Amino acid sequence: MRNTVHYTITPRDPAAHLFGVTLTIERPTAEGQQFSLPAWIPGSYMIREFARNIVRIVARCGDDDIALSKLDKHTWLAAPCRGPLTLYYEVYAWDLSVRSAHLDQSHGFFNGTSVFFRVEGSDHLPHVVDINPPEGSDQVPWRVATAMRQVRGRRYGFGRYAAENYDELIDHPVEMGAFALASFQAHGTRHDVVFTGRVPNLDLQRIASDLKKICEAQISLFEPQSRRAPMTRYVFMTMVVGDGYGGLEHRASTALICSRADLPVVGQKETGEGYRTFLGLCSHEYFHTWNVKRIKPAAFAPYDLASEAYTSLLWLFEGFTSYYDDLMLVRAGVIDVGAYLKLLAKTANGVLRGSGRHKQSVAESSFDAWTKYYRQDENSPNAIVSYYTKGALIALALDLTIRAETKGRKSLDDVMRALWQRYGRDFYAEVESAGRGVDEAGVDALFEKVTGVKFKRLLDRWVRGTDDVPLARVLAPFGIAYADNRKRSKPALGMRTVRDHADCKVANVYEGGAAHRAGVSAGDVLVAIDGLRVTATNLDVVLGRYRVGDAIVLHVFRRDELRQLTLELAPDDTPSVTLSAEPKPVAAARLRAAWLGQE
Ligand SMILES: [Zn+2]
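**A word on the overall build of the protein chain**
Each helix and strand counted, the protein chain has 16 helices and 31 strands in total. The globule rule puts the C-alpha radius of gyration for 599 residues at 25 Å, and the 26 Å found for the protein chain is close to it. In terms of overall dimensions, the protein chain has C-alpha extents of about 80 × 65 × 50 Å along its principal axes. Burial statistics for the protein chain: of 599 residues in total, 57% are counted as buried. In the protein chain, 69% of the contacts between residues at least 6 apart in sequence involve partners at least 24 apart. For the protein chain, the exposed surface amounts to about 26,000 Å²; the carbon and sulfur share of it is 48%. Counting 74 positive and 71 negative side-chain charges, the protein chain places the centres of these two groups 5 Å from one another.

**Quick look at the coordination of the zinc ion**
Coordination sphere of the zinc ion, protein contribution only: His284 (NE2), His288 (NE2) and Glu318 (OE), at 2.0 to 2.1 Å. All donors of the zinc ion belong to a single chain; written as a sequence motif, their spacing is H-x3-H-x29-E. The same class applies to histidine 284 and to histidine 288, which are both buried.

**Things to note about the domain arrangement of the protein chain**
Entries for the protein chain in the domain assignment read domain 1 (5-177), domain 2 (179-275), domain 3 (290-479 + 584-599) and domain 4 (491-571). For domain 2 versus domain 3, the separation of C-alpha centres amounts to 23 Å. Contact residues are listed per partner, giving 17 residues for domain 2 and 19 residues for domain 3. In total, about 1,800 Å² of surface goes out of reach between domain 2 and domain 3, with carbon and sulfur atoms giving 68% of it. The three residues of domain 2 that bury the most area against domain 3 are Leu221, Phe222 and Arg251, which together make up 40% of that side's buried surface.

**Some remarks on the packing of helix H5 (residues 314-331) against helix H9 (residues 389-405)**
Viewed as axis vectors pointing N to C, H5 and H9 meet at an angle of 70°, and their least axial separation amounts to 7 Å. Judged on the interaxial angle alone, H9 and H5 are roughly perpendicular. Seen from above, H5 lies across H9 with right-handed handedness. Contacts between H5 and H9 involve Trp315, Gly319, Phe320, Ser322, Tyr323, Leu327 and Arg331 on the former and, on the latter, Gly391, Ala392, Ala395, Leu396, Leu398, Asp399 and Arg403. A class-by-class count of the residues in the contact of H5 with H9 yields 8 nonpolar, 3 polar and 3 charged.

**Some words on the pairing of strand E28 (residues 551-558)**
On E28, burial follows the alternation: Ile552, Leu554, Val556 and Arg558 on one face are buried, whereas Ala551, Val553, His555 and Phe557 on the facing-out side are not. In this structure, strand E26 (residues 525-529) lies alongside E28, joined through 4 bridges in antiparallel fashion. Considered in E28, the bridge of isoleucine 529 is made with leucine 554. Summarising the sheet, E28 and strand E29 (residues 561-568) pair through 8 bridges and their orientation is antiparallel. Residue alanine 551 lies in a different strand from E29, and its bridge partner there is glutamate 568. In textbook terms, the turn of a hairpin is the stretch between consecutive antiparallel strands, and for E28 and E29 this stretch comprises 2 residues, one of which, arginine 559, has a positive phi near 55°.

**A look at the sheet that holds strand E20 (residues 246-249)**
Sheet strands pair by backbone hydrogen bonding; their relative direction is either parallel or antiparallel. Spatially, E17-E18-E19-E21-E20 is the arrangement adopted by the 5 strands of the open sheet, whose pairing is mixed. In this open sheet, the two edge strands, each paired with only one partner strand, are strand E17 (180-186) and E20. Sheet twist, expressed as the average angle between the axes of neighbouring strands with direction ignored, equals 15°. Pairing between E17 and strand E18 (residues 189-196): 7 bridges, direction antiparallel.

**Structural notes on a nonpolar patch on the surface**
Nonpolar side chains collect at one region of the surface, where Val55, Tyr92 and Trp94 lie side by side and expose about 290 Å² of accessible area between them. Mapping valine 55 onto the fold places it in strand E4 (residues 54-61). The exposure class assigned to valine 55 is partly exposed, which follows from its relative accessible area of 48%.

**Let's talk about the pattern of salt bridges**
One pass over the full model with this rule turns up 33 salt bridges. In this structure, arginine 233 and aspartate 192 form a salt bridge, with 2.7 Å as the shortest nitrogen-oxygen distance. Of the two residues, arginine 233 sits in strand E19 (residues 233-241) while aspartate 192 sits in strand E18, which places them 41 residues apart along the sequence. With its nearest N and O atoms 2.9 Å apart, the salt bridge here joins aspartate 460 to arginine 464. Since its relative accessible area comes to 38%, arginine 464 is described here as partly exposed. Residues joined in a network through salt bridges with shared partners are Asp167, Asp171, Arg251 and Lys293.

**Some points on the sheet that holds strand E10 (residues 107-110)**
Strand order across the open sheet formed by 4 strands is E9-E10-E16-E13, with antiparallel pairing between neighbours. Looking at the sheet topology across the chains shown, the edges are occupied by strand E9 (101-103) and strand E13 (143-145). Going across the sheet, the axis of each strand differs from the next one's by a mean of 15°, ignoring polarity. As judged from the 3 bridges shared by E13 and strand E16 (residues 174-177), these two strands associate in the antiparallel manner. In the strand pairing of E16, valine 144 is matched with methionine 176.

**Observations regarding helix H16 (residues 586-596)**
Of all the positions in H16, only Ala588, Leu591, Arg592, Ala593, Trp595 and Leu596 are classed as buried. At its buried positions, H16 is contacted by H5, helix H6 (337-353), H9, helix H13 (471-475), strand E22 (480-484) and strand E31 (577-581). Of the residues one or two after H16, glycine 597 is the one with positive phi, at around 65°.

**Regarding the environment of phenylalanine 300**
For phenylalanine 300, the location among the structural elements is in the loop between helix H4 (273-287) and H5. Apart from residues lying up to four places away in sequence, phenylalanine 300 is in contact with Trp40, Tyr45, Val292, Ala309, Thr311 and Leu314.

**What about the packing of aromatic side chains?**
Here a ring pair, both rings aromatic, is described through the centre-centre distance and the interplanar angle of the planes. Per the stated rule, a full pass over the model turns up 36 aromatic pairs. Ring plane angle 75° and centroid distance 6.1 Å describe the contact between tyrosine 340 and tryptophan 595, whose orientation is recorded as edge-to-face. Separated by 255 residues along the polypeptide, tyrosine 340 in helix H6 and tryptophan 595 in helix H16 bring together distant segments of the chain. With a relative accessible area of 1%, tyrosine 340 lands in the buried category. Ring geometry for tyrosine 373 and tyrosine 374: centres 6.0 Å apart, planes at 80°, overall edge-to-face.

Each value, and the rule that gives it
Sequence order as written defines residue numbering, which begins from 1 separately in each chain. A pLDDT threshold of at least 70 governs which residues receive local features in this predicted model, and a stricter bar of 80 or more applies before side-chain atom pairs are shown or counted, although totals over entire chains, interfaces and linings include all residues. For side-chain calculations, the full set of non-hydrogen atoms in the structure is used, while hydrogens and water are omitted. Counting from the N terminus, the helices are DSSP H or I runs at least four residues long and the strands are E runs at least two residues long. Both definitions apply: the radius of gyration is a C-alpha atom measure, and the globule rule equals 2.2 Å times residues to the power 0.38. The rule is simple: take the accessible area with a 1.4 Å probe, protein chains only, and divide by the maximum for that residue type; under 20% is buried, over 50% is exposed, in between is partly exposed. By the convention used here, residues are in contact when the closest approach between their heavy atoms is within 4.5 Å. Accessible surface is estimated by sampling points in the Shrake-Rupley manner with a 1.4 Å probe; for residues, cover comes only from the protein chains shown. Within this scheme the basic residues Lys and Arg register as positive and the acidic residues Asp and Glu register as negative, but His and the chain ends are omitted. We put the charge of a Lys on NZ, of an Arg on CZ, of an Asp on CG and of a Glu on CD. A donor here means any N, O or S atom no more than 2.8 Å from the metal (3.2 Å for Na, K and Ca); water is not included, so a site may seem to lack partners. Per the annotation, domain bounds derive from an automatic or database assignment of domains. Once two parts are put together, the accessible area they lose, assessed with a 1.4 Å probe and summed over both, is termed the buried area. In this description, a line fitted to the C-alpha atoms serves as the axis of each element, helices being fitted only across the stretch in contact, and the angle between N-to-C directions of two axes falls anywhere from 0 to 180 degrees. Any angle that is under 35 degrees is reported as roughly parallel, and any over 145 degrees as roughly antiparallel; angles of 65 to 115 degrees are reported as roughly perpendicular and all others as oblique. In this scheme, a crossing is called left-handed if the near helix is turned counterclockwise away from the far one by less than a right angle; it is called right-handed if the turn is clockwise. For this classification, Asp, Glu, Lys and Arg are treated as charged, while Ala, Val, Leu, Ile, Met, Phe, Trp, Tyr, Cys and Pro are nonpolar and the rest, including Gly, are polar. Two strands qualify as a pair provided DSSP detects at least 2 bridges between them. Patch membership is restricted to residues that have no salt bridge and whose relative accessible area is over 30%. Joining uses 9 Å for like charges and 5 Å for the nonpolar side chains Val, Leu, Ile, Met, Phe, Trp and Tyr. Here a salt bridge means any side-chain nitrogen of Lys or Arg lying within 4 Å of a carboxyl oxygen belonging to Asp or Glu. Aromatic rings from Phe, Tyr and Trp, taking only the six-membered ring of Trp, are treated as a pair when their centres fall within 6.5 Å; an angle between ring planes under 30 degrees marks them as stacked, one over 60 as edge-to-face, and anything in between as tilted.

Written as structure tokens, this is what we have:
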């Protein structure tokens, strides 16, 4: 028998949210086998310690129980055994997110990083998983959705699945339950769309038809000649909830969470903001199939899942992906140019809101993702910048600069294709150059070589420095007018508040604003302005009676202590960028049409 690592996974007690897993190692290490669970999941750059959800574990050598000792927070050592060595363990799965595992009577979902131990020294071996139905289940028949290769059982059924190695095993999340399913072909590759959760009158056909356009546009971007997708099959698996949003990319699938209200109902024709958001999320995760799952930073090739993997390049992997996600919607024709410009303006407003963008570069933000971007607090707007949103504006500015300077002969698409050909296409192939990541120092040179445009100065300022991207200037040659219509005549407190039951609570105090100068802090509860009560819903109405420069007396509770503060109302400087496409001479119109795919 070929040496393999063999797992079985069973929804053992859905009411207690427990998966039962057995792991059999035919030939364990003679001096004692080590095994461990990852501390983080690729795509979500935060230490999550998945081993904390292991609730029971025993080891057997043949028919005998053997000792297990724990070496650190996520590593165990089994006593010496000639094999086969079998581990039995239970995993608590009650995290309704795309990052770990979730199990109840209605469905099961897991990422391999939450349930499959990595067997030290066996990463490279074939891994086999038998996925079993829930024990004693006599409810609606469950099906299985995953991009993992099935080797035994009905299509979408329970049975045996296999992966070439551990890295592949944990890159195919699994959904099981009575889900809704639609399939489509994108340039000849099968794509499945799976929805778990109650969604009355879901228009699955419309979603499949819109996703097909988006997927085909992306496949054509990377492989304009062959139009070949990088995977043999792809699965969009979505958990539908009352209120939620999120996604995680994998090499041949994505796990998503969305709000029910964002999904189209049969008969609905328009594309509202919610559905646009959902399509943007799908587009984003799909783009990662190339950018980060195959074109990877050197720090992720291979992943070290025991501790933080530092890279300064997330602006390229998340920022560029964030630029292309909405751009592909307009190029695929699922939204129009006006809607696209609104999305761009929204991104610009988000970036311009925080003064943290002057303190942290996107290169630093990438490196510190583990402790800052993924662990945000009330001071984050004043302290950090998002490599997603500012990264997207950088991609936009680079794309438009290349297009303008080369008179439309080159674009950021050429850069993406060059990265794809050099690093991505063969990443999982068994050839000499496979498995290589993008070298941090080589990025500027690669961009210049592909486009002939000098990038070092721009990247020094926008990526490694903290300069704002000059949006008005880069958009002008494309006949897009940039305006910032911030309402300076409106008085502002210089803070963001949130509703906390009936109270109006301060969420963020913006550095240099009126609230900062008056001594208001995040967490304070606003009680009254000039003796009139402030509630969760009436702040704007109360403020509406004042003008810029007026001094107000503010009462706030800090914890249980009442404080009186004097605040001078300042001009509202909330960014309010709008972008509009102007009818322009032919040259600008042609550049714009090529950029937005409107030819
Ligand atoms: Zn992403």
